[in-house]
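Single-letter residue listing:
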Amino acid sequence: MNTQDATALQQGQSADPFESEVARLIVGALSLEIAPEEIDPEAPLFGEGLGLDSIDALEMSLVISKAYGVQLRSDDERNHRIFASLRSLAGHIAKQREG
């Protein structure tokens, strides 16, 4: 692990390149006033975390579909878990892309 990765982990941020990529995608798509590297990968995306709402979820789903070819459906009963945090979202996308 290099110094930058160690620093990111100490700050509670992602040292995972794919999580960082998804964070950049989210920040850009939603025009958030936060730097992608400031998103704690374990923090909730909705409510107390980033404070996103259902419209943000729809926008993220569209951008993720275009960028990665992964379909995120509004009627998926797993959405609560999928969108729980940056880490869970990135993990779901990565898993879907493998399959």
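Everything below is about the structure shown above.
How each quantity is defined
Residues numbered from 1 in each chain as written. Predicted model: local features only at pLDDT ≥ 70, side-chain atom pairs only at ≥ 80, totals over all residues. Heavy atoms only, no water. Helix = DSSP H or I, 4+ residues; strand = E, 2+ residues; numbered from the N terminus. Buried < 20%, exposed > 50% of the residue type's maximum accessible area, 1.4 Å probe, protein only. Contact = heavy atoms within 4.5 Å. Areas by Shrake-Rupley, 256 points an atom, 1.4 Å probe, with all protein chains shown as cover. Core = buried A, V, L, I, M, F, W, Y, C linked by side-chain atoms within 4.5 Å. Salt bridge = Lys/Arg side-chain N within 4 Å of Asp/Glu carboxyl O.

(A) Broad picture of the overall build of the protein. Assigned secondary structure in the protein consists of five helices and zero strands. Within the protein, buried positions represent 33% of all 99 residues. Contacts spanning at least 24 positions in sequence make up 56% of the contacts within the protein whose residues lie at least 6 apart. In the form shown here, the protein has an accessible surface area of approximately 6,300 Å², with 48% of it arising from carbon and sulfur atoms.

(B) Just the nonpolar core, in detail. Ranked by internal contacts, the top residues of the largest apolar core, which has 20 residues, are V22, M60, I64, L89 and I93. Within the residue set of this core, elements represented by two or more residues are α2 (17–30), α3 (54–68) and α5 (86–98). The leading source of residues in this core is α2, at six residues. When residues no more than four places from it in sequence are discounted, the contact partners of V22 are Y68, L86, L89, A90 and I93.

(C) Inspection of the environment of P44 at higher detail. Among the structural elements, P44 can be located in the loop between α2 and α3. For P44, a relative accessible area of 39% gives the class partly exposed. Sequence spacing of P44 and S88 is 44 residues, and the spatial spacing of their C-alpha atoms is 9.7 Å. Once residues within four sequence positions are removed from consideration, P44 is found in contact with G49, L50 and A84.

(D) Geometry of the pattern of salt bridges. The final tally for this structure, using the stated rule, is four salt bridges. Salt-bridge contacts for E19 lead to R87; the nearest nitrogen and oxygen are separated by 2.7 Å. Residue E19 is located in helix α2, and its partner R87 is located in helix α5; the two are separated by 68 residues in the primary sequence. R78 is paired through a salt bridge with D76; the nearest N and O atoms lie 2.7 Å apart. What you see here is one network of salt bridges that share partners, running through E19, E42 and R87.

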